[in-house]
Amino acid sequence: MFAELIARLRSLWRGVVRTRQVDAELNEEFRLHIDLRASDLVRAGMSPADAARKARAEFGSTEDQVEKARRARGLAWFDALRFSWLDVKLGGRMLIKYPVLTIVGGISMAFAIWVGAGTFEAIRQLVFPVIPLPESNRIVVMQNWDAAANRPEFRATHDFVVWREALQSVDDLGAYRTVTRNLMITGGLAEPVFTAEMTAAAFRVLRVPPLLGRAFVEVDERADAPVVAVIGYNLWQRRFQGDSGVIGRTVRITGVPATIVGVMPNGFAFPRTQELWVPLRIDVTGYDRRQGMTIQIVGRLAPGATLGQARVELTNLGRIAANDFPRTHEHLRPQLFTFAESVQVFGGPEEWTMLLTGNVFVLMLLVLVCANVGLLMFARAATRETEIVVRSALGASRRRIVMQLFAEALVLGTVAALVGLTAAGAGMRWALDLMRGELTDGSGNFPFWVDGKLSPLTFFYTVLLTLLAAGIAGVLPGLKITRNLGDRLKRATAGGGGTQFGGLWTAVIVLQLAVTMGFPVVTFFVRKDAVKIETYPLPFPVDQYLSVRLEMERFAVEPGADTSVAAFQARYLAAAQELESRLEADPAVAGVVFGERLPRQYHPNNQVEVDEGAVTPHDERGHVVASTSVDTKYLDVLGVSMLSGRWFNSGEVGPDARVAVVNKAFVDRVLGGKNPIGRRIRYPWRGQSPETLPWYEIIGVAPDMGTISGWGPAGIYHPLVRKGMYPLNVAVHVRGDPNAFAPRLRALAADADVTLRLAELMPLRNVVNAEVAFHEFWVKMTTIVSAMVLVLSLVAIYAVMSFAVSRRTREIGVRVALGATPRRIIGAVFAQPLRQLGMGLLAGALLVWVLLGGVDSAPTANQFLILGGYTALMMAVCMIACVVPTRRALAVQPTEALRDT
Amino acid sequence: MTSAELLPGTLDVLILKAVSLGKLHGYGVLLRIEQISGGALLVQQGALYQALARLEHRGLIDSEWGTSENNRRAKFYRLTAAGRRTLGEETASWKRLSDAIGLALSAKPREA
């Protein structure tokens, strides 16, 4: 039994790998056989020539014998998939012979592969990040999970110390925490830098040697050791101009002098986008468990240890801690993941569904586009019907003919895949750039594992896509065209129009029309939405303002400082007010104003309830509007006047102030344009009884000033209580160029308080929130995709319809010869395309209706007009596709048509 | 004696028998079957190589290249251990079948 299995496998292997050799040996055997038989016949008295002829005739076709022998070896399946170099060459020749099909089909497939590969790569990078660190799959992170509160507990310094000593299956346990620090180089201005406080062990875990100098050693972690720092490559290039003598230089990190001891190589930004590392000093004396700073714990699995072993060990430590310290640790469950698992952006089931939907959409696009190309290929194959029937008569099997068409499609697909992959490679960087605002953490950099390059897995996926594409575009038309070849051969109707578009192709055309109609319509609506945000007019000269977010480090590096929340708030408020007065004293400044949010920034949104007079909301979510609180001088500094009612006065600033100003969009949308002054609003919270919620009286209506929330421009203003508000945003009205004032602002901030950080300092004009950025990205993508789909579809629809009509040239000629009037003929010819068009447009309208189900407002008359025009365009293309070949057919002399029959 | 077509399924066992008597090339197998059947059995040339490939694929025969009687390179087939076992089983089964058919066909009216 075993021997037989081995023999079978060996024989299969030979047949697959050494196909040529096996075939050549068989032919050699056959020749010997025929020669020996001929010799025997000669000995029996036959002439050599007759003997040779008889021997060959007795043996039969050697090609046939080879095929039978191969089948006997179980190679039929392999042969079915095999195609020769000749097929590939023929395919290449066809590409050159039919340039229009090559270009249209090639672009279509390249486009589909581009979208497919790009999406796949983006998903791979987000869902299955590959961490570019040595043996990164053995780097693990640990955290406590608070099962009672259902959230992680990062205050784990006590646990860290215990785990570091106890864990056997994890080597070198390190800790880090991410902070932002003001970096000040002698003679330069302070700049906030994404920083990680890290232990020496954490550096060892990562196994990345510094480019210059050294990483941390345990001594650096001691409280009395001098402060040292390691800088990232980009920071080194940017702030030190790549100076190789940087080691030993002293900088100030949030006011504290520190010596640079190392430079990390390019691409190193652990844990995400950090560029500066300072030692993490963990001292667990003086505070209890679950107190103190929050940390992240990282380690490397010991040689031979598995993830499972480490988990078991850690779980046991968790049980012991829960037993020993029930007050703090009763509900804590230690968890352990690989670093890659811990940084997955999309991990939840909802995100998975979303990603899956995205990929299915892409696959549908691919299938549709390839079916499109398949239609074109089918049309071309139909013109080669004579050739195909003759080949079949000469003994080519159906499989051979289908494989040849597959080879042609594969050649086309391969060229398209190369183009598509190149585009995807470039597109990845482009897409990442567009999504920068959405996916980065404020540093403007992507996490160090996102590199915008295509992975080998994506190349493999592209190969699969190409095979699928070639299968749809080559095999389907091949199967269709070779059906009933034998019958056609018998009827000798080759080239007589025996090939017709059947139900499958009608379905493809209808689907094509429907999607062609649906796609751009959706884009159009999306685009309209985005344009509204982009060109959202602001009623003040936005170009004259600088915007900045004020931040400050609560855990100051200075030892002994009071780090309580109250002390921090007082320190922050004092620094902010100091900066405000310094700014107001500056001759270049016309005004300064603080706010929870500034115009064009993303605003938090809340469901809002009006005491009476509100219009009925669209759905059960009710009226959702943006709200923010701003200084009382907000309108003065922005130079905006109220539309009606009044703005807040200084007496209304306080935790008990129950007043609100709404904007024009709020009046229109929520109150249907009715006067809001004197009405009251409140914010219903889930799970709270409405009676306990405070009402706010509307005292005035302001113009729309960029309260963007993703729910439209409707917004509510409340007076800002600065105390306790963190972080504050500042708008500075500058006389002259705001950009030129930025360095001055940095200097003033450093003077006010050296620990004050200026985040996202930029002209107010440039403030575009992530929502808008992502929206723009989505709009650009859908616009490009729809434009491509539209053009390709129109070309394909034209080609296929005109082909279908031109196939009927002879029929038309015969009808004319038999006395049919042109009107009757046109009616007959147009019937089928019109039916397809009708069904397609109907399906398209349905699709649009379904797709627009989520849009808030019903389409306006204008939108209907555009939809109508668009439908007319599609009808025109289809009509022209029918008219041109019909005219040509009508011009054919009836005698010619009859003669050809 | 007139020659007869082979019963379906018997070619494989005849080939095994032929190569059990000594290694043979394809044409030699054909001649040997004719010879040992006293010229009574004719093998379709078209079926021979398919059967050889099948038997080799199943590991019942093995092949190697050698030199033929006319000094040409030829592929010689010989029986493997598995083939010998199969030949024994098939021969016994064939004998039982043939005896049974012989018995049935020689039945006289009064025995029925």
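In short, a report on the structure.

What counts as what
- Residues numbered from 1 in each chain as written.
- Chains lettered and ligands numbered in written order.
- Predicted model: local features only at pLDDT ≥ 70, side-chain atom pairs only at ≥ 80, totals over all residues.
- Heavy atoms only, no water.
- Helix = DSSP H or I, 4+ residues; strand = E, 2+ residues; numbered from the N terminus.
- Contact = heavy atoms within 4.5 Å.
- Areas by Shrake-Rupley, 256 points an atom, 1.4 Å probe, with all protein chains shown as cover.
- Buried < 20%, exposed > 50% of the residue type's maximum accessible area, 1.4 Å probe, protein only.
- Pairing = 2+ DSSP bridges.
- Core = buried A, V, L, I, M, F, W, Y, C linked by side-chain atoms within 4.5 Å.
- Phe/Tyr/Trp six-rings, centres within 6.5 Å; stacked < 30°, edge-to-face > 60°.
- Salt bridge = Lys/Arg side-chain N within 4 Å of Asp/Glu carboxyl O.
- Buried area = accessible area lost by both parts, 1.4 Å probe.

1. Describing the overall build of chain A
And then number 1: Across its full length, chain A holds 29 helices and 22 strands.
And then number 2: Sequence separation of at least 24 residues holds for 80% of the intrachain contacts in chain A that already meet a minimum separation of 6.
And then number 3: Accessible surface computed for chain A: about 42600 Å², of which carbon and sulfur atoms make up 60%.

2. Notes on the pairing of strand E1 (residues 139-146) of chain A
Residues and elements named next belong to chain A.
And then number 1: Of all 8 residues that make up E1, 7 are buried, and the element is covered over most of its length.
And then number 2: Direction of pairing for E1 relative to strand E10 (residues 296-301): antiparallel, over a ladder of 4 bridges. For Met142, the partnering residue across the bridge sits in E10 and is Ile297.
And then number 3: When E1 meets strand E11 (residues 332-338), the two strands line up antiparallel, connected through 7 bridges.

3. Here we look at the nonpolar core
And then number 1: Met109, Phe111, Val115, Leu513, Met801 and Met874 of chain A are the most contacted members of the largest nonpolar core, which totals 66 residues.
And then number 2: Listed by contribution, the elements that provide at least two residues to this core are helix H7 (99-127), helix H14 (349-383), helix H16 (398-434), helix H18 (456-481), helix H20 (503-534), helix H25 (770-806), helix H27 (822-851) and helix H28 (861-891) of chain A.

4. Some words on the pairing of strand E4 (residues 61-67) of chain B
The two faces of a sheet get side chains in turn, since along a regular strand they alternate between them.
All names here are of chain B.
And then number 1: Two strands pair when backbone bridges link them, and E4 and strand E5 (residues 73-79) are joined in this way by 7 bridges, in the antiparallel orientation. Residue pairing for E5: Thr67 is matched across the bridge by Arg73.
And then number 2: Linkage of E4 to E5, two consecutive antiparallel strands, is achieved through a turn of 5 residues, within which Asn71 is found at a positive phi near 65°.

5. Overview of the packing of aromatic side chains
Residue and element names in this part refer to chain A.
And then number 1: Overall, the coordinates contain 24 aromatic pairs over all chains when judged by the stated rule.
And then number 2: Where Phe30 meets Phe59, the ring centres are 5.0 Å apart and the plane angle is 50°; that geometry is what we call tilted. In this pair, Phe30 sits in helix H2 (residues 19-43) while Phe59 sits in helix H3 (residues 48-59), placing the two residues 29 residues apart along the sequence. Phe59 matches Phe30 in its accessibility class, with the two residues each being buried.
And then number 3: Relative to Phe216, the ring of Phe203 has its centre 5.2 Å away and its plane inclined at 85°; by these criteria the two rings are edge-to-face. Within this pair, whereas Phe203 is found in helix H9 (residues 200-206), its partner Phe216 is found in the loop between strand E5 (212-213) and strand E6 (228-231), the two being separated by 13 residues in sequence.

6. A closer look at the pattern of salt bridges
All names here are of chain A.
And then number 1: Here the structure, examined in full by the defined rule, presents 39 salt bridges over all chains.
And then number 2: Note that Arg549 and Glu551 form a salt bridge whose closest N and O atoms lie 2.9 Å from each other.
And then number 3: With a relative accessible area of 22%, Arg549 lands in the partly exposed category.
And then number 4: The exposure class assigned to Glu551 is buried, which follows from its relative accessible area of 14%.
And then number 5: A salt bridge links Asp611 to Arg680; the nearest nitrogen and oxygen atoms lie 3.5 Å apart.

7. What to know about the interface of chain B and chain A
Much of the literature gives interface size as the accessible area that the parts lose upon coming together.
And then number 1: Listed per partner, the contact involves 26 residues of chain B and 25 residues of chain A.
And then number 2: Summing the contributions of chain B and of chain A, the shared interface buries around 2400 Å²; its carbon and sulfur component is 52%.
And then number 3: The largest per-residue losses of area from chain B upon contact with chain A belong to Tyr27, Tyr49 and His57 of chain B, which jointly make up 32% of the total buried on that side.
And then number 4: On the surface where chain B and chain A come into contact, there are 2 salt bridges.
And then number 5: When the shortest N-O distance is used, the salt bridge between Arg73 of chain B and Glu28 of chain A registers 3.0 Å.
And then number 6: For the side of chain B that touches chain A, the elements supplying multiple residues, two or more each, are helix H2 (26-36), helix H3 (45-57), E4 and E5 of chain B.
And then number 7: Here the element with the most residues in the side of chain B that touches chain A is H3 of chain B; it accounts for 9 residues.

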